[in-house]
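Each chain, letter by letter, is given below.
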Amino acid sequence: MTEQGLTLRQRWATWLTFALAFAALVGGVLLRSNTENATFPFSDTKTGLAVRYPANWLLERGTERDDFVMRAQDPAAIPFKTTISLSSLLLGQDANVYDVTELLSVRRAAALSSYRTLDISAITLPDGLQATQMTYSYASAEVNPSLKSIPVMVRAADVIILNKGQAIVATYLADAQSYDQNQHYFGEFLRRLEIR
Amino acid sequence: MRRLTILLLCSALALSTLVTGRTAHAQTGFDAVNAQRATVSITQMTRTANGQPIISCVGSGTLVSASGLILTNAHIALGSTRCKTDMLVIGLTLQLDEPPVATYYADVLESNIGWDLAVLQITRSLDGRPIDRSVLALPFVEPGDSETLNLDDTLSIVGYTNSDEKSSGAAAVRRGTISNFTEEARVGNRAWIKTNAVIPGRMSGGGAYNNAGQLIGVPTIEPLPSGTEACRIVQDTNGDNRIDAKDTCIPSGGYINALRPSRLARGLVRAAQLGITTGGSNVTDALPKPKDPPAFSRLFFASGVSAAGMPTSVVTSLPSGTKSLYLFFDYANLIDGMVYELRTTIDGVPNATFSLAPTTWSGGERGLWYIGSREQVWPNGQYVFTLLVEGVRAGSAQITLGGAAQTAPTFSDILFGVAADGRPLLATGNVLPAGDTITAEFVFNNMPAGARWRQAWYYEGVQITPPTPASWSDKDGANGKKRVSAASSPGNALQPGRYRLELYMGDQLAATSDFVMAGKQVIDRVNVFDNVSFASIVTGDKPSDPGTTFNTSITRLYTTFNWNELAAGTPWTWRWSVDGNPLFESTQPWQPTVGSLFWLRIEGTGHLPDGSYTLELLVQGVSMGKATAKVGLGQLPVNTFATAAGIQLQGRVTDAETGQGIPGVMFIVLRGDVASKEFTWRMTEVDAISISDSQGQFQLNRLLPRGVSYNLIIVARGYLPISTDGLKLDDKVKSPLVLNIELNRD
């Protein structure tokens, strides 16, 4: 059949099919994007922190025994569960951000295998707040000795914001290989962070 | 496909239930797999001068909690000159047929050298990082009741063996029966459980289980001093680049035939669970060590033991069918921690049932000791008992058993007390109040008139009465009771301390007993300790807040007391218990401190748990003081000692197409009231979680209680998640419950 053989109606039907297929594709992409980028709210009155974290991530609210205010993990991530958390450190009047990075480094070096600080730099958050970002890496190993897991190399970032005698630390942990790919979750997390 | 997978999962669960239903009987019996998994290897390590780690000794242990409490021998935990210990490396049974895998370091929480028992806590991984014990979910067993055991009961002993041509070095199970129960001074009846199982020395510190699968004993043998037994040289320990006889070797010889009963371990385990330790006393000076070599003397036999641990009557032979026989002996110049041993032969043939493998000495420097038994018939024959200390022969005695019972003259059952003009003795027992006269009453039988006999009194090993041979008076009769006494000379009162009475028939020792003179007489009892009180703070040896009730927030509890007429060196015992559960006990020579106040202390790793804390003070096994203090509510939280009797859920997640294990899969068990469809991805709705390893294997980090329904979710990127509700774990389901789950790609 040649083009000359197509009726106007057939031509319209062809174009409509293409348009519907395209619309369905765009709709699917949008739906997937919406699902992936959907967030749930979290707030903590004690520290005055409010934020939105990725929907369907496993949320854990910190207790007095924990060193975090909230922690959300991507349950489906393989092999390391991508994690975003918020913590708060009380600071003395004379403390500066490098006291905080040093404190965090020492604490983590004592708790994490092969811990290494990679970089400490000043950054500006989406809302214009000044912050300090410390990136680091470590080897994450399963604590259950019956399970045979090869340690996973984890890349991580702490974003430290000094505010009213406390340091707000937003932390992003991901398998080193998917660190960049998942960083948009952390970017969105920081964009929605409110310090009241 | 998703429905199919869920069906497969449900089928797997149902099948598991069916399979375990068939093996439900095994649940109540000995579970060899769980016992082996709960068995750990303990390696005592030290460092050379240049910092290199070397292995000094090896032993076994048993996990008694999921959070890493280990029950083992004290000599394995604390080390010695033979087994120097700077680090305790814990190896786990990861595969049943493979040697242990060194995984953790452990620290000693509690120990009792005399009982040769200790409780360790896993604290660090091998790279030195602290372990969060709350996330440990290690396989463990619970200590059972060793008092319910009977002769000929079957035992299963689990521990590690040396890796050689005959063994892979994996945790092994050796079976045997109970051949005897051995009594020993300070511990009393059933101080040891004897078994005919062949247990290599490497299994020392492991576990012995009854038919119900309860941990009822700890196989125990001390490594002998270097050069007296087989050992393995595995390292260049002296740094001379050669491996030869000059290098330190690891003891590997010996066979165990004795178990310490779990009864003795229970207090240590409970104290460890509560986080309570003994915090010492206000005596700081250690007793000087004896300079002379250790010695055993005055070996003799008795047909029974009194409640105070004294011989009822001395015997030189016993008839057929004898069940009760004890070897008594004096000891001097011994040091706690030395190794002693009893070897017994019958008609020249070594007999393990009535011997005692090398074990830790804990009786102090000098005194009277005994070993024997009363539950097993002693076969007829000529017995030779040989005592060894530090591998060197130190004394021997022999006795013949057999023939018919004879009606020979006997003295027996010496009873000390305060005489009161023809009336029964007052303040009877083996602790007498300080005074000028000592009186003893003894039983005699078959005594012919005119028989030669004599009494001899001793104070701290020195005879204090002149030899007084006498003829048995016709007025006393052939059978009955007789009193004898010793009095101080005018102006020289009898001193507090240790005394002894010996009664001789001719020149043959016929009866003997020791007693302690201490304290004051108060009506018909002896008052050695008084003003027993408590405090949470002691400043300058004075209690700052004396009382009997204390707030929950205290971290230490002191007990203070005065003492009366208690001579230095007199053995005394303190015993702490909480809510009636004995925790600690120690017998030691009395060392008076400066002033008139003595204190003992217990302390918690954090706050002392709420409870009723009781201190009991004893002399010669007799309670001489007791008091109780309440902390917080005055009782332990409900179910403090309840262990998690639940099901270990584990398994493997695989790709449905390839059959390969999927790493990183999150296996979530939801709280029972949260259905999988209602799950909002909050940790508060989660009961337990495991993430699969590189092989797809998973294991939940805690045991799941039985009788509860569970809802599950399994999720991994790239695969369709699956969920199921209503997994019921009833009493028929055997632990561990293994689930094999297939996931389909999305």
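Calculation rules
Residues numbered from 1 in each chain as written. Chains lettered and ligands numbered in written order. Predicted model: local features only at pLDDT ≥ 70, side-chain atom pairs only at ≥ 80, totals over all residues. Helix = DSSP H or I, 4+ residues; strand = E, 2+ residues; numbered from the N terminus. Rg over C-alpha atoms; globule rule 2.2 N^0.38 Å. Buried ≥ 20, exposed ≤ 12 C-beta atoms within 10 Å, placed from the backbone. Contact = placed C-beta atoms within 7 Å. Nonpolar A, V, L, I, M, F, W, Y, C, P; charged D, E, K, R; others polar. Expected span 1.5 Å × (residues − 1). Pairing = 2+ DSSP bridges. Axes fitted to C-alpha atoms, helices over the stretch in contact; angles between N-to-C directions. pLDDT = per-residue confidence, 0-100. Core = buried A, V, L, I, M, F, W, Y, C linked by C-beta atoms within 7 Å.

## Considering the overall build of chain A
No. 1: Looking only at helices and strands, one finds 3 helices and 10 strands in chain A.
No. 2: Its helices and strands in sequence order give chain A the pattern α-β-β-β-β-β-α-β-β-β-β-α-β, from N to C terminus.
No. 3: Here chain A has a C-alpha radius of gyration of 23 Å; the compact-globule value for 196 residues is 16 Å, and the former is much larger.
No. 4: With the C-alpha coordinates aligned to their principal axes, the bounding extent of chain A is approximately 85 × 45 × 30 Å.
No. 5: A buried classification covers 30% of the 196 residues belonging to chain A.
No. 6: Look at the contacts in chain A between residues 6 or more apart in sequence, and 44% of them connect residues 24 or more apart.

## Digging into the overall build of chain B
No. 1: Broken down by element type, chain B carries 5 helices and 56 strands.
No. 2: Relative to the compact-globule value of 27 Å for 746 residues, chain B shows a C-alpha radius of gyration of 30 Å, a close match.
No. 3: Per-residue burial for chain B yields a buried fraction of 42% across its 746 residues.
No. 4: Partitioning the intrachain contacts of chain B with sequence separation of at least 6 by distance along the chain shows that 68% fall at a separation of at least 24.

## So, the interface of chain A and chain B
No. 1: Of the residues lining the interface, 23 residues belong to chain A; the matching set on chain B comes to 23 residues.
No. 2: Looking at the side of chain A that touches chain B residue by residue, the classes come out as 14 nonpolar, 5 polar and 4 charged.

## Notes on helix H3 (residues 179-191) of chain A
No. 1: Between its first and last C-alpha, H3(A) extends 18 Å over 13 residues, near the 18 Å set by a 1.5 Å rise per residue.
No. 2: Every buried residue of H3(A) is listed here: Tyr179(A), Tyr185(A), Phe186(A), Phe189(A) and Leu190(A).

## Some thoughts on the sheet that holds strand S5 (residues 101-112) of chain B
Residue and element names in this part refer to chain B.
No. 1: Spatially, the 6 strands close up into a barrel ordered S1-S2-S3-S6-S5-S4, and their pairing is antiparallel. On average, each strand axis in the sheet is inclined to that of its neighbour by 45°, with strand direction left out of account.
No. 2: As defined by bridge partners, strand S4 (residues 87-92) adjoins S5 across 5 bridges and the pair is classed as antiparallel. Its bridge partner being in S5, Leu-92 is matched across the sheet by Val-101.
No. 3: The sheet contacts of helix H5 (residues 262-274) involve strand S3 (69-72), S5 and strand S6 (117-125), and relative to S6 the element is tilted by about 35°.

## Observations regarding unusual backbone geometry
No. 1: Here the amide bond leading from Ile78(A) into Pro79(A) is cis, since omega sits at -5°, within 30 degrees of zero.
No. 2: Within the secondary structure, Pro79(A) sits in the loop between strand S4 (70-73) and strand S5 (83-90).
No. 3: Phi is positive for Gln620(B), which is not a glycine, with a value near 55°.
No. 4: Structurally, Gln620(B) is set in the loop between strand S46 (611-619) and strand S47 (622-631).
No. 5: Classification of Gln620(B) by C-beta neighbours within 10 Å gives buried; the count is 22.

## Observations regarding the pairing of strand S8 (residues 171-184) of chain B
Residue and element names in this part refer to chain B.
No. 1: Direction of pairing for strand S7 (residues 154-160) relative to S8: antiparallel, over a ladder of 7 bridges. From the neighbouring strand, Tyr-160 faces S8, where its bridge partner is Ala-171.
No. 2: Pairing of S8 with strand S9 (residues 188-200) involves 5 bridges; the strand directions are antiparallel. Looking at S9, one finds that Ile-178 is bridged to Thr-195.
No. 3: The antiparallel pairing of S8 with S9 creates a hairpin that spans 3 residues between the two strands, and Arg-186 there sits at a positive phi of about 75°.
No. 4: Alignment of S8 against strand S23 (residues 367-373), held across 2 bridges, turns out to be antiparallel. When the sheet's bridge partners are listed, Glu-183 is paired in S23 with Gly-372.

## Digging into H5(B)
Residue and element names in this part refer to chain B.
No. 1: In this model H5 runs 18 Å from its N-terminal to its C-terminal C-alpha over 13 residues, within 8% of the 18 Å that 1.5 Å per residue would give.
No. 2: Residues of H5 that are buried: Ser-262, Leu-264, Ala-265, Arg-266, Gly-267, Leu-268, Val-269, Arg-270, Ala-271, Ala-272 and Leu-274.
No. 3: Just beyond H5, the residue with positive phi is Gly-275, at close to 70°.

## Considering the sheet that holds strand S3 (residues 58-61) of chain A
Residues and elements named next belong to chain A.
No. 1: Ordered in space as S3-S4-S5-S9-S8-S7-S6, the 7 strands form an open sheet in which the pairing is antiparallel. Unpaired on one side and paired on the other, S3 and strand S6 (113-124) mark the two borders of the sheet. Going across the sheet, the axis of each strand differs from the next one's by a mean of 20°, ignoring polarity.
No. 2: Here strand S8 (residues 152-163) pairs with strand S9 (residues 166-175) via 10 bridges, running antiparallel. Residue Asp-158 lies in a different strand from S9, and its bridge partner there is Thr-171.
No. 3: The strands that H3 touches are S5, S8 and S9; relative to S9, the one it contacts most, it runs at about 155°.

## Points about the confidence of the model for chain B
Predicted coordinates in areas of low pLDDT are best not read in detail.
Residue and element names in this part refer to chain B.
No. 1: Within chain B, residue pLDDT values average 86, and 91% of them lie at 70 or more.
No. 2: Counted against residues more than four places away or in other chains, residues 1-8, with its pLDDT under 50, gives 12 contacts.
No. 3: Scored below 50 in pLDDT, residues 10-27 makes 18 contacts in the model with residues more than four places away or belonging to other chains.

## Quick look at the confidence of the model for chain A
No. 1: When pLDDT is averaged along chain A, the result is 89, and 98% of the positions lie at 70 or above.
No. 2: Model confidence for chain A, summarised as mean pLDDT per element, is weakest for helix H1 (residues 8-37) of chain A at 87 and strongest for S4(A) at 96.

## A few points about the environment of Cys57(B)
No. 1: Checked against the element boundaries, Cys57(B) lands in strand S2 (residues 53-63).
No. 2: The sequence separation of Cys57(B) and His75(B) amounts to 18 residues, and the corresponding C-alpha distance is 9.9 Å.

## Brief notes about the environment of Thr182(B)
Residue and element names in this part refer to chain B.
No. 1: By the secondary structure assignment, Thr-182 is in strand S8.
No. 2: In the structure, Thr-182 is positioned 193 residues away from Glu-375 in sequence and 8.5 Å away in space, judged by C-alpha atoms.
No. 3: In this structure, Thr-182 is in contact with Ala-191, Trp-192, Lys-194, Ala-258, Leu-356, Ile-371 and Ser-373, ignoring residues within four places of it in sequence.

## Examining the nonpolar core
Looking at soluble globular proteins, one finds that nonpolar side chains tend to be buried together.
No. 1: Judged by nonpolar contacts, the single largest core of 225 residues is most densely connected at Ile70(B), Ile90(B), Val119(B) and Ile714(B).
No. 2: Among all residues touching Val119(B), those that are not within four sequence positions of it are Leu69(B), Ile70(B), Leu71(B), Leu109(B), Glu110(B), Leu268(B), Val269(B) and Ala272(B).

## Remarks on the environment of Gln508(B)
No. 1: On the secondary structure map, Gln508(B) appears in strand S35 (residues 508-517).
No. 2: Here the alpha-carbon distance between Gln508(B) and Arg454(B), two residues 54 residues apart in the chain, equals 9.8 Å.

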